[in-house]
Amino acid sequence: MKFSFQEMLPNLKAWFTVALVSVPMAISLSIVCGWTPLLWLLSWVWAGIMAAIFCSSPHNAYGPAWALAWILLPLSLEYGVQYFPLLALIAWIIMLLIWALRLSNYLSIIPWAALQWFLLWIALIIGIQQIPAILGISLDYTALEALTHIADVHWLSVWLFIVSLGTLQLWRRYFPKVPWIILVTLFGILIGRFDAFTSDLWIQVLVDRYGQIAFSLFQTQNWSSYLDLLSTPVLFKQLLIAGIWIAVIALLETLISAKIATKTTRVWFISQREVYWLWLTNIVTWLVWWMPVSALVPRTTLNIQQWATNKWSWAFIWIFTGLFAAFLFSWGLQYLPFAVIAGILVDIALGMFNISLYHKLWQSEKSSIVIIWLVWAVSYLRDPMLGILLWTSSALLLMVMRAMKRDLITNVFRDGHHVKKTSLVSYISDQHSDDILLIKLEGELNYLNTETHTNLLRKVHEPTTVILGFWYTCVMDNDAAEELDVIIQQYLQQGKQVYITWLEDQNLALMKHESSYHVLLEQWHIFESKSRLLEQLLEK
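### Comments concerning the overall build of the chain
Here is step 1 of the chain: In terms of regular secondary structure, the chain is built from 26 helices and 10 strands.
Here is step 2 of the chain: Buried positions account for 54% of the 540 residues belonging to the chain.
Here is step 3 of the chain: A sequence separation of at least 24 residues applies to 81% of the contacts in the chain between residues at least 6 apart.
Here is step 4 of the chain: Counting every atom, the chain has about 24800 Å² of accessible surface; 64% of that belongs to carbon and sulfur.

Next up, the structure:
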């Protein structure tokens, strides 16, 4: 990043807004998982500074993510938080291997529509986990437990949530340049300070749960935890499995977040470089003895919404976040009501619902909508790792099904003239014996779509002249070559004149092993140019 005031000034709003939002976000995450806010907050600071300096995406945000909380929570309940830095170390090793083997490139084969469940999952989790704070009920309750204690609802907390969320949702539409999140946070602090002096409102604020929070950028390495792993194989196995899943989820969310930023801003990123600095960031968070990190979809989205233009935004966001954490907890943020925090987080969650995309998918790909909701339900109710596997397999299965249903494009020549260009399926119902049929074998011919293509080719009975054009074929595997050999032999047995054009490179090497190729070669029915072949046939 080159130092320039012209580059820095447009990012001023994003610096303060996102930095201030990061504090209640860290607080909310820590509340849900039973950890101290600084465990999340300072992991954000270190990860954000590293990402701002080295990552390729100018908008992608780094820090502990909601998606990781589902893996870390069971470990924290059973063993405490002392092993989180070790999970960052294990995740770093896995990420390093994925980067070195360039396996991250394979994550790009998942369609964009299938990625939407991930955003939906994060958004709904953020919203649902705020129910205890919204109702003013004990924050130790889960969302479901809070609903069972609805009779104990604290109505002032509910109204604080409504006012906070309503202000953010309504007034932003009319005055989008005003940093409403900051104003709502200041409003909440004033309410909390008033209650601290009068004790009349009985609102839950940060100081009630955490007291005075000690600030420190570093923690001392807990070397005894390494000895615990050597003496407890079961614990080591649990941490190893959790570390692998953390690495996979962190990579997924990082690339998803970068893709979202790219689609919104049209500023591209380098996926391999993003992965490289993700594993480097995790090793840094381990060295300072904090927790594993990944990219953060909500913060990336908010950063873009606040008109950030480059990585200067993130550099100063995390500097200001550290300053807020160091000085403002004791001076004001400790009086921030949990109901106001819930309003801010629900507002961010609502901003992650891509209604226009869901409408588009409903009109064109209803199966994607079903997958999005099904995978979210599995991830939330059962296991997020199982949801990831279901998501990946479902998306790839749909892609394979679409590839298997691809049609072939056909040009029909009759009486010395080009009659029409149509699909092979349409032509089969209107065949003529004197037609010259030019069939384009487009795309990739492989074991997935070979059966569909060959079933269509077998239905071509009437035309006496068939041209198989390979000029649009990018690659062909052995299965496709063998099936095409069978089709050509059947055509020859039926007395058809079969020609091949533009067969070269790897495809030519494969077909040379088939007997039909040599038959056509002896008949002089193999041409490099389709134009020359058509001129010769049409002159007859």
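### Topic: the pairing of strand β7 (residues 465-469)
Here is step 1 of the chain: Burial analysis of β7 places 5 of its 5 residues in the buried class, which makes it a mostly covered element.
Here is step 2 of the chain: What you see with β7 is no split at all: T465, I467 and G469 on one side and V466 and L468 on the other are buried throughout.
Here is step 3 of the chain: Pairing of strand β5 (residues 436-440) with β7 involves 5 bridges; the strand directions are parallel. Paired with L438 across the bridge in β7 is I467.

### Overview of the pairing of strand β4 (residues 417-423)
Here is step 1 of the chain: Where strand β3 (residues 409-414) meets β4, 6 bridges bridge the pair, whose relative direction is antiparallel. Opposite R414, over in β4, you have H417 as the bridge partner.
Here is step 2 of the chain: In this structure, the hairpin formed by β3 and β4 is closed by a connection of 2 residues, where D415 is found at a positive phi of approximately 55°.

### Here we look at the nonpolar core
Here is step 1 of the chain: In this structure, L87, M95 and L239 are the most contacted members of the largest nonpolar core, which totals 97 residues.
Here is step 2 of the chain: It is helix α13 (residues 233-265) that provides the largest number of residues to this core, a total of 12 residues.
Here is step 3 of the chain: When residues no more than four places from it in sequence are discounted, the contact partners of L87 are L72, L75, L239, A242, G243, I246 and P292.
Here is step 4 of the chain: Among the nonpolar cores identified, the runner-up in size contains 29 residues, and L437, L445, L456 and V460 belong to it.

### Some details on unusual backbone geometry
For residues that are not glycine, phi is negative in most cases, and the peptide bond is trans in most cases.
Here is step 1 of the chain: The phi dihedral of W502 falls on the positive side, at around 55°, and the residue is not glycine.
Here is step 2 of the chain: Structurally, the position occupied by W502 is in the loop between β9 (497-501) and α24 (505-511).
Here is step 3 of the chain: For W502, a relative accessible area of 41% translates into the label partly exposed.
Here is step 4 of the chain: With phi around 60°, W524 is a residue other than glycine that occupies positive phi space.
Here is step 5 of the chain: The residue W524 is located in the loop between α25 (515-522) and β10 (526-527) in this model.

Calculation criteria
Residues numbered from 1 in each chain as written. Predicted model: local features only at pLDDT ≥ 70, side-chain atom pairs only at ≥ 80, totals over all residues. Heavy atoms only, no water. Helix = DSSP H or I, 4+ residues; strand = E, 2+ residues; numbered from the N terminus. Buried < 20%, exposed > 50% of the residue type's maximum accessible area, 1.4 Å probe, protein only. Contact = heavy atoms within 4.5 Å. Areas by Shrake-Rupley, 256 points an atom, 1.4 Å probe, with all protein chains shown as cover. Pairing = 2+ DSSP bridges. Core = buried A, V, L, I, M, F, W, Y, C linked by side-chain atoms within 4.5 Å.

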